[in-house]
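Residue-level structural notes
Residue-level listing of the chains:
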Amino acid sequence: MSGRYVSIWFRFLTTDWFTRRNPALGKKPFVLAAPNHGRMMITAANAWAMAQQVEAGMVVADARALIPELEVLDDRPGLSLKLLKGIAEWCTRYTPVAGIDPPDGITLDASGCPHLWGGEKNYINDIITRLQNFGYHTNAAMADTIGAAWAIARYGKNESIIPAGAQGAALMCLPPAALRIEMETVERLHKLGLREIKNFIAMPRSALRRRFGPQFLQRIDQALGNEEETIIPVLPVEAYQERLPCLEPIVTATGIEIALERLLDKLCNRLMQEQKGLRTALLKGYRVDGKIEKISVSTNHPTHNKEHLSKLFGLQFSSFEPAPGIEVFILEAQKVEEQIPVQEKLWSATQGLHDHGLSEMLDRLVCRFGEGHIHRYLPDEHYWPERSVKQASSLSEQNLSPWKADRPRPLQLLPKPEPIQVTAPVPDYPPMLFHYKGVLHKITKADGPERIEQEWWLAEGQHRDYYVVEDEAGHRYWLFRSGHYDSDKRHGWFLHGFFA
């Protein structure tokens, strides 16, 4: 199937944006200007100003001689590019591939999309109507090539939809500028009396190349479809993506659930057939008012379990606001990994960290409470307690060193030891009592000291003498004194962890 492309032209892109922000500007001539070599030069003019012969490139003083009441506003650098990117992202509701065409256009790869809107005519009309309702003056055209669509959108007078294979005939009566060639070349063609494409299209290619250069021939070939031309999408196309256009805007939670179920059916079946599973997924809803709603989920292990993913998305539906209605749903598997089925062990009741039930439970907890609330730790090759453990990046990360079980270690290790007030005999007796957060703890049992030296190759500091103590309530703590005992100095005591 040949490709179908849509070119959208915003003739008054930046001035339309200013008019949207201040509707009063739509009833009078105004221009945007920026300083250039000590003069204020017009960078854009609205329709009222252009109707009175004021155009971009003129000096503001000359324009005011034509229109004394002309209003001049400061142009914003980079505004047109920012607007095109935003509108192109909005246009992804019509196709996965939407790219910008600076300084005033957008190109869509509409291949295989128009039937979802009831045909090419409805497809084009819907795009133009929506953009005009937003306040933009637009022209759009569809053809088999990007070059032909661009030419018809800007220079075509009648038909905006060129039938398949008819782009050559549609281009014949258009001016040379419709081929997207340089103005210098256009002027040379006009001087030679070649004012329409049909005047030179049949000339020998060697003569055209010698006279106008290879780029001239390239533009002709691109417009006719003899040379392929690609679109750089404003949003990268996900390899695993499913789309669901809606005949009527969806405004209810039930409707969103049904749409999600249909998307998950397609995506999960495809992943299962390819022996893959997703790790992160994004659901986007394109609203009628132009806004895009997004919710995402992540998993600890690759999965294509539709029921599990449906529950994860369901936990976040409260933040998915349909407002006036959602017309297109897109589900993307942003991160996909291999998932090869593993033979279950009949003699084993659990698979430990590889248990899918455990992984799915953790996924639900993360979706409910957010990232950063559940951690897994692994041992690290260090003596110093703060460095002896590290946070695992995932459930599948393996231990590179064994857990040290020859000495007691607290279940909860504080990230930073907290100072406490201690009463203790000398020199190396365990403490008798200590104050922590305003509470007095009388120690009934104690074990220690265990001396841990500072890792001098990493940091400087005193050694620590650790004690495992138990208070009268049966609670156990991990305390330490920093450095040697000295009767002339007041040494610090710290609480570093809690035992079960």
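Residues numbered from 1 in each chain as written. Predicted model: local features only at pLDDT ≥ 70, side-chain atom pairs only at ≥ 80, totals over all residues. Heavy atoms only, no water.

**Focus on the nonpolar core**
A general trend in soluble globular proteins is that nonpolar side chains are found buried together. Here is the rule we go by: Here, nonpolar core means buried Ala, Val, Leu, Ile, Met, Phe, Trp, Tyr and Cys residues that are tied together by side-chain atoms lying within 4.5 Å of each other. Whether a residue is buried, partly exposed or exposed follows from its accessible area with a 1.4 Å probe, protein chains only, as a fraction of its type maximum: under 20%, in between, or over 50%, in that order. Runs of E in the DSSP output that reach at least two residues are strands. Runs of H or I that reach at least four are helices, and both are numbered from the N terminus. Every residue pair with non-hydrogen atoms within 4.5 Å of one another is taken to be in contact.
In terms of nonpolar packing, the biggest core is built from 37 residues, with V6, I8, F10, L108 and Y123 touching the most fellow members. At 6 residues, helix α4 (residues 79-90) tops the list of elements feeding residues into this core. Residues contacting L108, with those up to four places away along its chain left out, are R4, Y5, V6, I8, C91, T95, V97, A98, Y123, I127 and I231. In terms of nonpolar packing, the next biggest core, distinct from the first, is built from 27 residues, L244, F317, I326 and L331 among them.

**Quick look at the pattern of salt bridges**
Heads up, the condition is: In the sections that follow, a salt bridge refers to a side-chain nitrogen of Lys or Arg positioned within 4 Å of a carboxyl oxygen of Asp or Glu.
Summed over the entire model, instances satisfying the criterion amount to 25 salt bridges. Of the charged contacts, one joins D144 and R4 as a salt bridge, the two residues approaching to 2.6 Å between their closest N and O atoms. Here the residue D144 occupies a position in the loop between β7 (138-143) and α6 (146-155), and R4 occupies one in the segment before β1 (5-10), the gap between them amounting to 140 residues. Relative accessible area serves as the criterion here: at 12%, D144 is assigned to the buried category. The class for R4 is buried, based on a relative accessible area of 8%. Ionic pairing is found between E293 and R287, a salt bridge with its closest N-O pair at 3.1 Å. Classification of E293 by relative accessible area gives buried; the value is 15%.

**Overview of the packing of aromatic side chains**
This is how the line gets drawn: Side-chain rings of Phe, Tyr and Trp (the six-membered ring for Trp) are treated as a pair once their centres are within 6.5 Å; stacked means planes under 30 degrees apart, edge-to-face means over 60, and tilted covers the remaining angles.
Applying the stated criterion across every chain, the model contains 19 aromatic pairs. Between W90 and Y94 the ring centres are 5.7 Å apart and the planes differ by 65 degrees, which places this aromatic pair in the edge-to-face class. Across the pair, exposure class does not vary: W90 and Y94 are buried alike. Relative to F134, the ring of W90 lies with its centre 5.4 Å away and its plane at 75 degrees, an arrangement referred to as edge-to-face. In this pair, W90 is assigned in helix α4 and F134 in the loop between α5 (120-133) and β7, connecting sequence segments 44 residues apart. With relative accessibility at 22%, the residue F134 sits in the partly exposed group. Among the aromatic side chains, those forming a connected cluster through ring pairs are W90, Y94, W117, Y123 and F134.

**Brief notes about the sheet that holds strand β11 (residues 326-338)**
Inclusion rule: We treat two strands as partners when DSSP finds at least two bridges between them. Orientation is described by axes fitted as lines to C-alpha atoms, over the contacting stretch for helices, and by angles from 0 to 180 degrees between their N-to-C directions.
Strand order in the open sheet formed by 4 strands is β8-β11-β9-β10, and the pairing between neighbours is antiparallel. If you trace the sheet from one side to the other, it starts and ends with β8 (241-250) and β10 (292-303), each paired once. If you compare each strand with its neighbour and ignore which way they point, the axes differ by 15 degrees on average. Inspection of the sheet shows β8 paired to β11 by 6 bridges, in the antiparallel sense. Residue pairing in the sheet places L244 in a bridge with F329 of β11. The strands touched by helix α12 (residues 306-314) are β9 (276-287), β10 and β11; relative to β10, the strand with the most contacts, the crossing angle is about 140 degrees.

**Quick notes on the side chain of E327**
Position of E327 among the secondary structure elements: in strand β11. Not counting residues up to four positions away in its chain, the partners in contact with E327 are R93, R130, L244, P245, C246, Y286, R287 and V288.

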